[in-house]
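Descriptive structure summary
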Amino acid sequence: MEASTTHSDAKRWSPISDTLLYYSKADKAAWNPPVVPHTDEYIADKYGNKDENGRRYTLDNMTSPKPRPNMMYEWKGYPSPPLGWRYSKETMARLDAEGRIWYPDHKDKRPRLKRYLDEMSGVLMGNVWTDISPINSQAQERLGYPTQKPETLLERIITASSNEGDVVLDPFCGCGTAIAVAERLKRRWIGIDITVLAITLIKHRLESAYSGQARYHVIGEPVSRSDAEVLAASDPYQFQLWALGLVGARPSELKKGADKGIDGRLFFHDDPNGDTKQIIISVKAGGHITSAFVRDLVGTITREKAEIGVLISMTEPTRDMRKEAASAGFYKSPWGTHPRIQLLTVQGLLNGERIDYPPSQQVNATFKKAKKAATGSAATQLSLE
């Protein structure tokens, strides 16, 4: 596959191509040859003949490319080619009955096979692809993931090397392009990634593309508070990303570091003017939490001009924290009132509690939605490693 531009800082030939490696464990691996439709110029040049029904055809050689003594026979007065015919007498008789043999006027010339254009799927595709463009900033399928590949590319690869019902494995699934395409092409699939962020993004992608109809289960995510505590102790940053994923938020930064009291954000629209509103989220992996955290969150949403602030904690908030949160008042939307400061726990989120804000399905603008796709395959799985 060829890229579109060279790199001016390269110290050698500028690399503008990726190489696809194809392996097979089985002797008979799935292979559906991809073809390129014939161009108008090619058709005009190669398929200039027409039969009585107006069908275009070209003439092809009927002689054997190598010696075949058992195919050396006379056919309707035409002598055998030096190496023999390509077809047996039985096949020649069938082709003749079907009107697929063109006969020259003189016996010193040879009959040729009619190959009809409407029976030819195209030209077998080569291993240099220049017809698939990278995802640009205006592409409809762009999700903002840095290494996102075009769906057209994965569709070509998956279609060529698998059939419906086969299993597609992507061990570094990133934003899930291979998974989304495999689902659409009715393949089963397994996706693996090391980051919670990737799994969260893929779940949102499948949800928006298939309207909740894609069936899968996730292996490796916390399913209990004790699981969450293990994740928080081993990798607080991944715990933070996981907690944000539970409420459908995106991280404020895609790297570790100072966050200015903001771990994640939700964006929504709830007025005719289309002004974007935001929810600020702070995640506390553990330790002793007090009402000071609530006051800090109030200051953060004021500074950021946000409508709602959410504090997610492992432990239950104290009475003082609840009192402090209640004193922050409410945000009013066309759907009612929503507490400006909301205190959620990991256990509550696992039990199905969510942020109180205008209906998510109608107003959520946090993640760019994947384009709708037809409902796909059987149950599949995502895995965190």
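Above: the structure in question.
This report concerns the structure included in the present document. (Residues numbered from 1 in each chain as written. Predicted model: local features only at pLDDT ≥ 70, side-chain atom pairs only at ≥ 80, totals over all residues. Heavy atoms only, no water.)

Once that is clear, we can look at the overall build of the protein chain. Secondary structure summary: the protein chain contains eleven helices and 17 strands in total. For the protein chain, the C-alpha radius of gyration of 31 Å lies well beyond 21 Å, the compact-globule estimate for 385 residues. By principal-axis analysis of the C-alpha atoms, the protein chain measures approximately 105 × 50 × 45 Å. Considering only residue pairs separated by 6 or more positions, the protein chain has 58% of its internal contacts joining residues 24 or more positions apart. Total accessible area on the protein chain is roughly 22,500 Å²; 51% of this is exposed by carbon and sulfur atoms. (Helix = DSSP H or I, 4+ residues; strand = E, 2+ residues; numbered from the N terminus. Rg over C-alpha atoms; globule rule 2.2 N^0.38 Å. Contact = heavy atoms within 4.5 Å. Areas by Shrake-Rupley, 256 points an atom, 1.4 Å probe, with all protein chains shown as cover.)

In this structure, F239, W242, I279, I281, I312 and I355 are the most contacted members of the largest nonpolar core, which totals 29 residues. Mapped onto this core, the elements with two or more residues apiece are α6 (225-234), α7 (236-246), β11 (264-269), β12 (276-284), β13 (308-313) and α10 (346-350). In terms of residue count, α7 provides more of this core than any other element does, seven residues in total. Core analysis: the next-biggest nonpolar cluster, separate from the first, contains 21 residues, I158, I199, I202 and L382 among them. (Core = buried A, V, L, I, M, F, W, Y, C linked by side-chain atoms within 4.5 Å. Buried < 20%, exposed > 50% of the residue type's maximum accessible area, 1.4 Å probe, protein only.)

Turning our attention to unusual backbone geometry. The phi torsion at K76 lies on the positive side, around 55°, for a residue other than glycine. Positioned with a positive phi, K186 is a non-glycine residue whose angle comes to about 65°. Of note, K186 is situated in the loop between α4 (177-184) and β8 (188-193).

End to end, helix α5 (residues 196-210) covers 21 Å across 15 residues, agreeing with the expected 21 Å (1.5 Å per residue, within 8%). The buried fraction of α5 amounts to eleven of the 15 residues, a majority that puts the element mostly inside the structure. Buried within α5 we find V196, A198, I199, T200, L201, I202, R205, L206, S208, A209 and Y210. (Expected span 1.5 Å × (residues − 1).)

A surface patch of nonpolar side chains, about 220 Å² in accessible area, is lined by V36, Y42 and V123. Tracing the sequence through the fold places Y42 in helix α1 (residues 40-46). (Patch = residues over 30% accessible without salt bridge, like charges linked within 9 Å, V, L, I, M, F, W, Y side chains within 5 Å. Salt bridge = Lys/Arg side-chain N within 4 Å of Asp/Glu carboxyl O.)

Take the sheet that holds strand β2 (residues 49-50) next. If you walk across this open sheet you meet the four strands as β2-β3-β5-β4, and the pairing is antiparallel. Looking at the sheet topology across the chains shown, the edges are occupied by β2 and β4 (101-102). Sheet topology places β2 next to strand β3 (residues 56-60); two bridges connect them, and they run antiparallel. Residue N49 lies in a different strand from β3, and its bridge partner there is Y57. (Pairing = 2+ DSSP bridges.)

The next thing to look at is the pattern of salt bridges. Under the criterion given, the structure shown has 20 salt bridges. Ionic pairing is found between E221 and K203, a salt bridge with its closest N-O pair at 3.2 Å. With a gap of 18 residues between them, E221 in the loop between β9 (216-219) and α6 and K203 in helix α5 connect regions that are remote in the sequence. Judged by relative accessible area, which is 17%, E221 ranks as buried. In this structure, the salt-bridge partner of E304 is R265, at a minimum N-O distance of 3.6 Å. In this pair, E304 is assigned in helix α8 (residues 291-304) and R265 in strand β11, connecting sequence segments 39 residues apart.

Tracing the chain through its elements places V298 in helix α8. C-alpha of V298 to C-alpha of I280: the two residues are 18 residues apart in sequence and 9.8 Å apart in space. Ignoring sequence-local partners within four residues, the contact set of V298 consists of A328 and I341.

Ordered by their spatial adjacency, five strands build an open sheet running β10-β11-β12-β13-β16, and the pairing between neighbours is mixed. The open sheet has two edge strands, β10 (250-251) and β16 (341-345), and neither has a second partner. Direction of pairing for β12 relative to β13: parallel, over a ladder of six bridges. Across the sheet, residue I279 finds its bridge partner in β13, namely I308. The strands touched by α7 within the sheet are β10, β11, β12 and β13, with β12 carrying the most contacts at an inclination of about 135°. (Axes fitted to C-alpha atoms, helices over the stretch in contact; angles between N-to-C directions.)

Another point: the pairing of strand β7 (residues 167-170). In β7, alternate side chains face the same way, and those of V168 and D170 are buried while those of V167 and L169 on the opposite face are not. Relative to β8, β7 runs parallel, the two being bridged by four bridges. Counted as the bridge partner of D170 is G191 from β8. At this point the chain moves from β7, through α4, to the parallel β8, and the crossover so formed is right-handed. (Right-handed = clockwise from strand over helix to strand, strands pointing away.)

This next bit is on the side chain of E183. Here E183 is to be found in helix α4. Among buried Asp, Glu, Lys and Arg side chains, E183 stands out as unpaired, with R215 the closest opposite charge at 7.3 Å. Here W189 takes part through its side chain, which lies 2.8 Å from a polar atom of the side chain of E183. (Lys, Arg positive; Asp, Glu negative; His and termini not counted. Polar contact = N/O pair within 3.5 Å; in protein donor to acceptor, adjacent residues only side chain to side chain.)

Further remarks concern the packing of aromatic side chains. Counted by the stated rule, this structure contains nine aromatic pairs. Aromatic side chains F268 and Y331 sit 6.1 Å apart centroid to centroid with 70° between the ring planes, which places their arrangement in the edge-to-face category. Here Y331 lies in strand β14 (residues 330-333) and F268 lies in strand β11, a separation of 63 residues in the sequence. The buried category is assigned to F268, whose relative accessible area is 0%. Owing to a relative accessible area of 11%, Y331 belongs among the buried residues under this scheme. Following the ring pairs from residue to residue traces out a cluster consisting of F268, Y331 and Y357. The ring of Y116 carries the charged tip of R55 above its face, separated from the ring centre by 3.8 Å. Over the ring of W129 we find R156; its NZ or CZ atom is 4.9 Å from the centre of that ring. (Phe/Tyr/Trp six-rings, centres within 6.5 Å; stacked < 30°, edge-to-face > 60°. Lys NZ or Arg CZ within 6 Å of the ring centre and 35° of its normal.)

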